[in-house]
There are 2 protein chains.
Amino acid sequence: MTGSVPLPGPGLALGPGPEFDRIRKIIGLLGPQGNGLGDDCGLFPEGDEFVAVSTDVSVEGVHFRREWISLEETGWRAAASALSDLAAEGAEAIGLLCAVTVPANASEPELLQLMAGVSGAAGAAGSKVLGGDLASGPGWSVAVTVVGRTRAPVTRGGAQPGDRLWVTGALGGARAALEAWLLGREPLPGARARFAHPEPRLEAGRWLARHGARAMIDLSDGLAGDVGHLAAASQVAVEIDLDSVPVTPEAEEEAKRLGIRVQQFAAEGGEDYELLVALPDRFAEADGFVSECGIPLTPIGKAAEGSGVIFLLSRRPIELKGFNHFG
Amino acid sequence: MTGSVPLPGPGLALGPGPEFDRIRKIIGLLGPQGNGLGDDCGLFPEGDEFVAVSTDVSVEGVHFRREWISLEETGWRAAASALSDLAAEGAEAIGLLCAVTVPANASEPELLQLMAGVSGAAGAAGSKVLGGDLASGPGWSVAVTVVGRTRAPVTRGGAQPGDRLWVTGALGGARAALEAWLLGREPLPGARARFAHPEPRLEAGRWLARHGARAMIDLSDGLAGDVGHLAAASQVAVEIDLDSVPVTPEAEEEAKRLGIRVQQFAAEGGEDYELLVALPDRFAEADGFVSECGIPLTPIGKAAEGSGVIFLLSRRPIELKGFNHFG
């Protein structure tokens, strides 16, 4: 450790929600021991760069059901959702570790299927499996810890008044799958793929970090919740124009069936693993992003002096519900 | 990443056992993606040193029972067992990440007790909590990932014929607690402390690394199993003189009740988290170790050309059972 680069600010503020109340209490309990917590990744300096780390646990019956997705998809999804935190930091993936809990009646081929998915996601991110642990337990559970590196981490806390907020890709696909399954239907293939096989936006995250990103977060809890984290951490107010939010075709169909406006449907859905990024108002390279990263980059809002988040739908404020993994 | 330091050898061989058969199959499946797996820690070069990472999961009903130890002890134990892998690499702890699964009926104070234990172990190791995740699930489960650094990692794979094998501390304490609980008795206080509040041997591990340690492993699966991993990874034969193995007083008492020789009792018991280390035959600084690290360091065996492990009790070979966490 050379300490040649300063760590970005102390513990970052989180947006509202019962899960985050618990996390806030834990951060309070940890005190200086937990200094820096609250971002997509923990960071520590090493040589002339930072190592970024993050951990994510996926539990059968809470984050997925065996009848919805295969074990290989379960492994991929667990690893991809953790890798997505590296993307949000603008970091490159080095590798991941995987602690798997397996029900006593599971077979060895099942375990290997799960690990094939984890390994596939690690490989697609250009990274390795650095370690693991294996235990029996009451159900399937996969805790993935990712390790990456970056010279200039992008936290949630750097957005400035006047910045524009942009989102990569299109939202609502994972929720479209979830709603279909919950109603006992098989989701549309595009929606199913978004849920079962999310693509962590590592290349996009690094591109944005190189092109002036001031704050970034991955959309795991859904736009409705995650904008609040970025606003709180950056100590800015944010206004999101939901009419600008790009949505997947499957979200359109599913929202129609549920009688909800698709922008609300997409903003309240979690686990799309797209990136929300604050860029200076002068940023004018979206075309370059699209041609280099192969996915859309769409302006959806702006930061201002103050605090809190306002969502506008057809120019009128609307209350949105966050996506709550907990409970 | 400068790549200025070469990574220690490729994937390391593991000793026998059904848990390790599964891990071997997973390593086989991963191929080059899992290159380097099989040691206490995964390693990657960063600047002019290595970052060492390891993950460990503790599951209620498998690794601990709520009626045996408090949630704070559960958290400490989960973190300490993971930190012990850094000790075995000769690494210094930077921090840890903690993915916790909490049963739906758990209270917030219970969660905070668990985290106080995790935080206590992190602090005692001079390290921080770098990240976490929280999910509901069927029972308590804690996956701890530790991150450390070292300029010269000590793997399991460097023992050479002629080396002597040494062990830190005294063995059998954690098993003494376990046997008491399994018979419905409260363990002796010293045994209970060894199980509930293990001390990762970080200082000892770094001391040994600085003083010529050629191979090291922490005794989580018990001497009976872990010697096999060191021998297999180092491609040497090992002979252990069980009569030399230091045991705790509580192990003596518990072994007597069970009618087992205490050395066998201690060698077959897991989770003592002491270090087994191979040092060149010329090593003569055990007194310095004891005065600087405050725990015993005892020669218990030697490495030779060949393969496999022989345990001698009263100079006769004896078959030992490994400690199997799995199933």
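No experiment lies behind these values; they were computed from the predicted model shown.

What counts as what
Residues numbered from 1 in each chain as written. Chains lettered and ligands numbered in written order. Predicted model: local features only at pLDDT ≥ 70, side-chain atom pairs only at ≥ 80, totals over all residues. Heavy atoms only, no water. Pairing = 2+ DSSP bridges. Helix = DSSP H or I, 4+ residues; strand = E, 2+ residues; numbered from the N terminus. Axes fitted to C-alpha atoms, helices over the stretch in contact; angles between N-to-C directions. Contact = heavy atoms within 4.5 Å. Buried < 20%, exposed > 50% of the residue type's maximum accessible area, 1.4 Å probe, protein only. Arc of directions from axis to C-beta. Domains from an automatic or database assignment. Buried area = accessible area lost by both parts, 1.4 Å probe. Salt bridge = Lys/Arg side-chain N within 4 Å of Asp/Glu carboxyl O. Polar contact = N/O pair within 3.5 Å; in protein donor to acceptor, adjacent residues only side chain to side chain. Phe/Tyr/Trp six-rings, centres within 6.5 Å; stacked < 30°, edge-to-face > 60°. Lys NZ or Arg CZ within 6 Å of the ring centre and 35° of its normal. Core = buried A, V, L, I, M, F, W, Y, C linked by side-chain atoms within 4.5 Å.

Caption draft 1: Broad picture of the sheet that holds strand S2 (residues 49-59) of chain B. Strand order in the open sheet formed by 5 strands is S1-S2-S5-S3-S4 (chain B), and the pairing between neighbours is mixed. A single partner strand is all that each edge strand has here, and the edge strands are strand S1 (42-46) and strand S4 (128-137) of chain B. On average, adjacent strands in this sheet sit at an angle of 15° to one another, irrespective of strand direction. Summarising the sheet, S2(B) and strand S5 (residues 141-150) of chain B pair through 10 bridges and their orientation is antiparallel. Paired with B:Phe50 across the strands is B:Thr150, a residue of S5(B). Lying over the sheet, helix H1 (residues 18-30) of chain A contacts strand S3 (92-103) and S4 of chain B, oriented at roughly 145° with respect to S4(B).

Caption draft 2: Expanded view of unusual backbone geometry. Phi at A:Tyr273 is positive, roughly 55°, even though this residue is not glycine. With respect to the helices and strands, the residue A:Tyr273 is situated in the loop between helix H9 (262-267) and strand S9 (275-279).

Caption draft 3: Expanded view of helix H8 (residues 249-258) of chain A. Residues and elements named next belong to chain A. Looking at H8, one finds that the buried residues are Glu 250, Ala 251, Glu 254 and Ala 255. Angular distribution of buried residues about the axis of H8 spans 130°; they occupy a single face of the element. Turned more than 90 degrees away from the buried face of H8, the exposed residues are Pro 249 and Lys 256. Here the buried face of H8 lies against helix H4 (173-182), helix H5 (189-196) and H9. Following H8 by one or two positions, Gly 259 adopts a phi angle in the positive range, close to 70°.

Caption draft 4: How the structure looks around the domain arrangement of chain A. Residues and elements named next belong to chain A. Partitioning chain A into domains gives domain 1 (18-150) and domain 2 (164-317). Here the C-alpha centroids of domain 1 and domain 2 sit 22 Å apart. Listed as interface residues are 24 residues of domain 1 and, on the opposing side, 22 residues of domain 2. The junction of domain 1 with domain 2 conceals about 2,000 Å² of combined surface from both sides, 63% of it contributed by carbon and sulfur atoms. Where Arg 77 meets Glu 271, a salt bridge forms, and the shortest distance between an N and an O atom there is 2.6 Å. Linking domain 1 with domain 2 are 6 residue pairs in polar contact (both at pLDDT 80 or more), by the criterion used here. Put simply, the parts of the chain that give the side of domain 1 that touches domain 2 at least two residues each are helix H2 (71-88) and strand S3 (92-103). Among the elements that line the side of domain 1 that touches domain 2, the one with the most residues is H2, at 11 residues.

Caption draft 5: Molecular detail of the packing of aromatic side chains. All names here are of chain A. Under the definition given, this model contains 12 aromatic pairs over all chains. One aromatic cluster is present, built from ring pairs that chain together Trp 166, Trp 207, Phe 283 and Phe 289. Looking at Arg 77, its charged tip hangs above the ring of Phe 195, at a distance of 3.8 Å from the centre.

Caption draft 6: Summary view of the nonpolar core. Of all hydrophobic cores here, the largest spans 96 residues; its most connected members are A:Val100, A:Leu208, A:Leu223 and A:Ile240. Examining the composition of this core, we find that 10 residues originate from one element, H2(A), more than from any other. Two domains each donate at least three residues to this core, and these are domain 1 (18-150) and domain 2 (164-317) of chain A. Counting residues in hydrophobic clusters, the runner-up holds 69 residues, among them B:Ala106, B:Leu202, B:Ala251 and B:Phe265.

Caption draft 7: The arrangement of the interface of chain B and chain A in detail. In this complex, chain B contributes 62 residues to the contact, which on the side of chain A involves 62 residues. Of the roughly 5,300 Å² buried between chain B and chain A on both sides combined, carbon and sulfur atoms contribute 64%. It is B:Arg22, B:Gln33 and B:Leu134 in chain B that bury the most area against chain A; as a group they hold 12% of the surface buried on that side. Where chain B meets chain A, there are 4 salt bridges.

Caption draft 8: Representation of the pattern of salt bridges within the structure. If you walk through the whole model with that rule in mind, you get 39 salt bridges over all chains. With its nearest N and O atoms 2.6 Å apart, the salt bridge here joins B:Asp163 to B:Arg214. Here B:Arg214 lies in the loop between helix H6 (202-210) and strand S7 (215-218) and B:Asp163 lies in the loop between S5 and strand S6 (164-168), a separation of 51 residues in the sequence. Owing to a relative accessible area of 0%, B:Asp163 belongs among the buried residues under this scheme. Salt bridges linked by common partners bring A:Glu46, B:Glu49 and B:Arg149 together as one network.

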